[in-house]
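Descriptive analysis of the structure
Now for the letters of each chain:
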Amino acid sequence: MKGYCLIISLMFVWSIVAHAEKLTLDEAIRIAQAHSPEAQAAAHTYRAAYWSYRSFRANYLPEVNLVSSPYLNRRINRVTQPDGTEQFLRQNQLITDLGVQISQNVWFTGGNLFVQTSSQRMDELENHIASYNTNPVTIGYQQSLFGYNSLKWDRRIEPVRFQEAKKSYAETLELIASKTCELFFELATAQANLDIAQSNYASADTLYRYARGRYNIGSITENEMLQLEVNKLNEETNMMKARIEVEDAMLTFRSFLGIREETEVEVITGGQVPRFEVPLGRALEEAYLHSPEPDMYRRLKLESKSQLAQARANRGLKADLYLQFGLSQTADRLKDSWREPLDQQYVSLSLVIPILDWGRGRGKVRVAKSNIDLVNTQAEQGMNDFELNVRKMVRQFNLQARQVEVAARTDETARRRYEVALRLYLMGKSTILDLNAAISEKDTAKRNHIEAMKTYWTLYYGLRSMTQYDFERNCPLAETLPEI
């Protein structure tokens, strides 16, 4: 009865595999880069960086505004009289106005230049009197003379930040491919372990039945027959464990790819990998050109210098200049208020001179200087590690294709050795220990072959992520930026 149930279970597993969706590595990578949660998150991050960059660019373009601030004043106010005295008078006024203003930030000075035209009407509601005040044209400029110029620093930092975001998105897609390789071959290993366990169980069951017959005629000892029975039970346990590992690996793989359906997936590894050499010099050149890390360290250096400039500006003399020149006229009728306008000027200068701050400003400047030294040290060390990582990955990759070939030959040789050992044992010319050794070597060689391919493809896409270059076809990778 137990054997019958086991056969039914095996048939069920084989039916699942037969109806499973088969995926190659390339197909899995395409699905992951298009639909995985990591790919969607990377696309959203890039979109946010894009719109942040668009907002930055808009700060340097002219801005046009329609301005109006009407208000009603019905209360008793204190009003200064022509002789200098003050009286409380009841006011009942309606003030309406309308203006158009064009402003432009001046990035190299940090100031703001504006041109505007406006008209204002005042109605005395109790006396039914209306008057107008118009400003046909007004030109103004406001400037912080010794302050921190954020426009100048943003002009240097934000383009680098956006370049970093674009390169990070392209790098993330290749890192998703590398992660897909890991999960793909983990599932392949689990499925291979299940195949090995099923094959070993079938072989162990056959050997055990064969051993019982030989034991009955006295050609083998009881110890050897019991050893074969233990082998059979162990292989049955291994088969159940392998089935659980396949389910776990499949759930993880489907979750990463963004596959919601309860689809059974069978991965197809293939036995060969492309064989080519990656030139170290070209890899370093492409990595420095396309990796986001150099841009990241460049941005950090600029940001630390910007913080120092801001600390120095906040520490010293502060002065704000405001200039306004234009024409203005007032009249009882609107059309008369546009005739023969009079010139007007307004200039203001505000100063703040620090006298005593107990060293707060100087401390912030020293902190900013220390931060510059820290960032420079981190950037230098980071770029050294970056270059070493590229060199290490290129060296490992150039050797890995040969390791895959060796692992494939070892897998084939170990399989053939197992077949020979099995025949010898059945002929009575070998011991159970030799057969167990052959089985162990066969299983280990199969797993090592899959692990070697996993390492190869992980290195392959790891190099692509760092260099954005296809060394197999000797051409740059096409940038696939998401639609905004």
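Before reading on, note that the structure itself is shown above.
I will try to describe carefully the structure that is included in this document. Since this is a predicted model, take the numbers as computed values, not measurements.

Let us now look at the nonpolar core. Judged by nonpolar contacts, the single largest core of 59 residues is most densely connected at Phe253, Tyr456 and Trp457. Elements represented by at least two residues in this core include exactly α2 (25-35), α4 (150-216), α5 (222-257), β7 (265-268), α6 (280-290), α8 (360-426) and α9 (432-467). Ranked by the residues each element gives to this core, the list is headed by α4, at 13 residues. In contact with tyrosine 456, not counting residues within four places along its chain, are Val273, Pro274, Phe276, Phe397, Gln400, Ala401 and Val404. Grouped together as the second largest cluster of nonpolar side chains are 13 residues, Leu207, Tyr208, Ala421 and Ala438 included.

What follows covers the layout of surface pockets. Empty space within the second largest pocket amounts to approximately 450 Å³. Lining the second largest pocket are 22 residues, and of these Gln33, Glu174, Tyr461, Arg464 and Leu477 lie nearest its centre. For the lining of the second largest pocket, the secondary-structure elements that each account for two or more residues are α2, α4 and α9.

In this section: a negative patch on the surface. On the surface, a cluster of negative charge is made up of Glu21, Asp26, Glu27 and Glu261. Under the relative-accessibility criterion, glutamate 261 is labelled exposed at 53%.

To locate leftover empty space, one rolls a probe as large as a water molecule over the atoms. Here the structure, examined in full by the defined rule, presents one cavity of 30 Å³ or more. Forming the boundary of the largest cavity are Phe276, Val278, Phe397, Tyr460, Leu463, Arg464, Tyr469, Asp470, Phe471 and Glu472. Those elements that place two or more of their residues in the lining of the largest cavity are α9 and β10 (469-470). Top contributing element to the lining of the largest cavity by residue count: α9, with three residues.

Parameters and conventions
- Residues numbered from 1 in each chain as written.
- Predicted model: local features only at pLDDT ≥ 70, side-chain atom pairs only at ≥ 80, totals over all residues.
- Heavy atoms only, no water.
- Core = buried A, V, L, I, M, F, W, Y, C linked by side-chain atoms within 4.5 Å.
- Buried < 20%, exposed > 50% of the residue type's maximum accessible area, 1.4 Å probe, protein only.
- Helix = DSSP H or I, 4+ residues; strand = E, 2+ residues; numbered from the N terminus.
- Contact = heavy atoms within 4.5 Å.
- 1 Å grid on protein atoms, 1.4 Å probe; cavity = no way out; pocket = protein on both sides within 12 Å on 5 of 7 lines; lining within 4 Å.
- Points joined across faces, edges and corners; volume = space filled by probe spheres on them.
- Patch = residues over 30% accessible without salt bridge, like charges linked within 9 Å, V, L, I, M, F, W, Y side chains within 5 Å.
- Areas by Shrake-Rupley, 256 points an atom, 1.4 Å probe, with all protein chains shown as cover.
- Salt bridge = Lys/Arg side-chain N within 4 Å of Asp/Glu carboxyl O.
- Lys, Arg positive; Asp, Glu negative; His and termini not counted.
- Charge placed at Lys NZ, Arg CZ, Asp CG, Glu CD.

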